[in-house]
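A closer look at the structure
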Amino acid sequence: MTEPQSGGTTLRTLTRGLEVLETIAAADGTMTAKAIARTLDLNLGTCYHILKTLQQDEFVIRLRNGAYVVGARAARLSKTVNLHTRPEPALSALLVGLNQKTRETVYISGWYHGVVTLQEWIAGSHILSVGNLDVGYSGNLHTRASCKAILAHLPSARVEAMLPPESFVPVTPNSITDFDAFAQELVTVKKNGFAVDNEEFEIGVSCIAAPFFDEDRNPVGAFAVSAPTTRFAKEMHVLAIHVRDAADRATAYLRTEATGATVTPLDNQRLA
């Protein structure tokens, strides 16, 4: 069965299959067919058909207790995506330095074929769980500080094309829900040099992010720091300094690499 979309025709069955695969990967061996169907609001018979297909093609494995885990083919796909989306070692080192300075949970996001994708994150010394935010996440651009930090430096027409009206789904009561308000927010972000998520993605958690650029001044990624809102409010000024410093170092590194000049390796000791 197909459903017409503004950009052409999509296969609903394929979409459902991918949703099932993603749910299994996130559950890590804790969900049965009934649990998957309930989570995705799927007809149980349809869910069984999808699972049988995925199992036959080695994308999933059914355990003895009836739960499912990802199979060999899904694991190979994950490895390939990771190779193409993970940040350069020097940028990962900067992320380590940012984590050491702030002791908070830190993230690095970058472009992957025109999509802002979370590439790597390091947990802080304080326990903090932010929804389903993990490596490979690319959703809810209008609510995430790292996305706003990058989008603020793109042409408005391109941002509008990336965020049609239906994108502005309120994730929390603080989420921006229309393009005009979002565009105004991006003006402020560009002026300040950093973006803030004030409980727009998850209640109780705030985030600050700063972009870094290539040699042509195009935004290519962003560093971000998240913390419980109560602590974030007290430390935002310091966090802004650290996240902008990491972004500035990343920009300097990428520009130096582009010119082919000799650079001193970016190690953790230098970044601390």
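Conventions adopted
- Residues numbered from 1 in each chain as written.
- Predicted model: local features only at pLDDT ≥ 70, side-chain atom pairs only at ≥ 80, totals over all residues.
- Heavy atoms only, no water.
- Helix = DSSP H or I, 4+ residues; strand = E, 2+ residues; numbered from the N terminus.
- Buried < 20%, exposed > 50% of the residue type's maximum accessible area, 1.4 Å probe, protein only.
- Contact = heavy atoms within 4.5 Å.
- Areas by Shrake-Rupley, 256 points an atom, 1.4 Å probe, with all protein chains shown as cover.
- pLDDT = per-residue confidence, 0-100.
- Lys, Arg positive; Asp, Glu negative; His and termini not counted.
- Salt bridge = Lys/Arg side-chain N within 4 Å of Asp/Glu carboxyl O.
- Polar contact = N/O pair within 3.5 Å; in protein donor to acceptor, adjacent residues only side chain to side chain.
- Pairing = 2+ DSSP bridges.
- Expected span 1.5 Å × (residues − 1).
- Arc of directions from axis to C-beta.

**Quick look at the overall build of the protein**
When helices and strands are tallied, the protein shows ten helices and nine strands. Put simply, the protein has 272 residues, and 42% of those count as buried. The long-range share in the protein, meaning contacts at least 24 apart out of those at least 6 apart in sequence, stands at 55%. Approximately 14900 Å² of the protein is accessible, and the part contributed by carbon and sulfur atoms is 52%.

**Considerations on the confidence of the model for the protein**
With 85% of its residues at a pLDDT of at least 70, the protein reaches an overall mean of 86. Ranking the elements of the protein by mean pLDDT puts helix 10 (residues 268–271) last, at 38, and strand 8 (residues 205–213) first, at 97. The low-confidence segment residues 1–7, where pLDDT is below 50, has twelve contacts with residues more than four positions distant or belonging to other chains. For the stretch residues 262–272, pLDDT sits under 50, and the model shows 19 contacts to residues farther than four places along the chain or on other chains.

**Section: the side chain of Asp214**
With respect to the helices and strands, the residue Asp214 is situated in the loop between strand 8 and strand 9 (219–228). Summary of buried charges: Asp214 has no salt-bridge partner, and the nearest side chain of opposite charge, Arg255, is 6.9 Å away. Polar side-chain contacts of Asp214 include one of 2.9 Å to the backbone nitrogen of Asp216. Sequence-distant contacts of Asp214, that is, excluding residues within four places in its chain, are made with Val220 and Arg255.

**As for the side chain of Thr251**
In this structure, Thr251 sits in helix 9 (residues 229–259). Accessibility expressed as a relative area gives 6% for Thr251, which makes it buried. Apart from the residues lying within four places of it in its own chain, the contact partners of Thr251 are Phe212, Phe213 and Arg217.

**Brief notes about the pairing of strand 7 (residues 195–198)**
The two faces of the sheet receive side chains in turn, since in a regular strand these alternate between them. Pairing geometry for strand 7 and strand 8, over four bridges, is antiparallel. For Ala195, the partnering residue across the bridge sits in strand 8 and is Ala209. As consecutive antiparallel partners, strand 7 and strand 8 are separated by six residues, and within that stretch Glu199 has a phi angle of approximately 60 degrees, a positive value.

**Topic: the environment of Ser175**
For Ser175, the position within the fold is in the loop between helix 7 (156–162) and helix 8 (179–192). On a C-alpha basis, the gap between Ser175 and Phe201 in space is 7.0 Å, while along the polypeptide they are 26 residues apart. Setting aside chain neighbours within four positions, we find Ser175 in contact with Thr143, Val169, Pro170 and Glu200. One polar contact links the side chain of Ser175 to the main-chain amide nitrogen of Val171, over a distance of 3.0 Å.

**Topic: helix 1 (residues 12–27)**
With 16 residues, helix 1 should cover 22 Å at 1.5 Å per step; its first-to-last C-alpha distance of 22 Å lies within 8% of that length. Within helix 1 the residues assigned to the buried category are Gly17, Val20, Leu21, Thr23, Ile24 and Ala27. Along the long axis of helix 1, the arc covered by the buried residues comes to 160 degrees, so they all point the same way. Structural note: helix 1 exposes Leu18, Glu22 and Ala26 on the side pointing more than 90 degrees away from its buried face. Count one or two residues on from helix 1 and you reach Asp28, which has phi positive near 55 degrees.

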